[in-house]
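# Breakdown of the fold
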Amino acid sequence: MKGHPKYQYGNLVKFELNGEIKEGIVYIIDEYGTFEDDSDVSYDILVKNEKEHCLYKHINEKYLK
């Protein structure tokens, strides 16, 4: 819910991207959305494993597991 993030910095979360499940930690919280979508909380998720090291930006809360 906008303004009330469900997840905190450092929480482990999962989301799907292009049919693949990604797992990472909450790195940045945009409590009031972003310029592209201000209707929901969004997060920047740091995925760091043996295959990749990437910061995925503006993942809406509704897509997190």
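Residues numbered from 1 in each chain as written. Predicted model: local features only at pLDDT ≥ 70, side-chain atom pairs only at ≥ 80, totals over all residues. Heavy atoms only, no water.

## Concerning unusual backbone geometry
Residues other than glycine seldom take positive phi values, yet Asn18 does so here, at roughly 50°. Tracing the sequence through the fold places Asn18 in the loop between β1 (12–17) and β2 (20–30). Exposure remark for Asn18: the relative accessible area of 80% places this residue in the exposed category. Phi angles above zero are rare outside glycine, and His58 is one such case at about 60°. The exposure class assigned to His58 is partly exposed, which follows from its relative accessible area of 35%. (Helix = DSSP H or I, 4+ residues; strand = E, 2+ residues; numbered from the N terminus. Buried < 20%, exposed > 50% of the residue type's maximum accessible area, 1.4 Å probe, protein only.)

## Examining the packing of aromatic side chains
Aromatic ring pairs are defined here through the distance separating the ring centres and the angle between the ring planes. Inspection of every chain in the model, using the stated rule, returns three aromatic pairs. Ring centres of Tyr7 and Tyr43 lie 5.9 Å apart, and the angle between their planes is 75°; on these two criteria the pair is classed as edge-to-face. With a gap of 36 residues between them, Tyr7 in the segment before β1 and Tyr43 in strand β3 (residues 42–48) connect regions that are remote in the sequence. Residue Tyr7 shares its accessibility class with Tyr43, and that shared class is buried. (Phe/Tyr/Trp six-rings, centres within 6.5 Å; stacked < 30°, edge-to-face > 60°.)

## Remarks on the environment of Glu52
Tracing the sequence through the fold places Glu52 in the loop between β3 and β4 (53–60). Each residue touching Glu52, except ones within four places of it in the same chain, is listed here: Lys22 and Val47. Engagement of the side chain of Glu52 in a polar contact is seen with the side chain of Tyr56, the distance being 2.6 Å. (Contact = heavy atoms within 4.5 Å. Polar contact = N/O pair within 3.5 Å; in protein donor to acceptor, adjacent residues only side chain to side chain.)

## Remarks on the pattern of salt bridges
Applying the stated criterion across every chain yields a total of five salt bridges. Between Lys22 and Glu52 there is a salt bridge, and its shortest N-O distance comes to 2.8 Å. Of this pair, Lys22 sits in strand β2 while Glu52 is found in the loop between β3 and β4, placing the two residues 30 residues apart along the sequence. You'll find Lys22 and Glu52 in the same group, each marked buried. Ionic pairing is found between Lys57 and Asp44, a salt bridge with its closest N-O pair at 2.7 Å. Within this pair, whereas Lys57 is found in strand β4, its partner Asp44 is found in strand β3, the two being separated by 13 residues in sequence. (Salt bridge = Lys/Arg side-chain N within 4 Å of Asp/Glu carboxyl O.)

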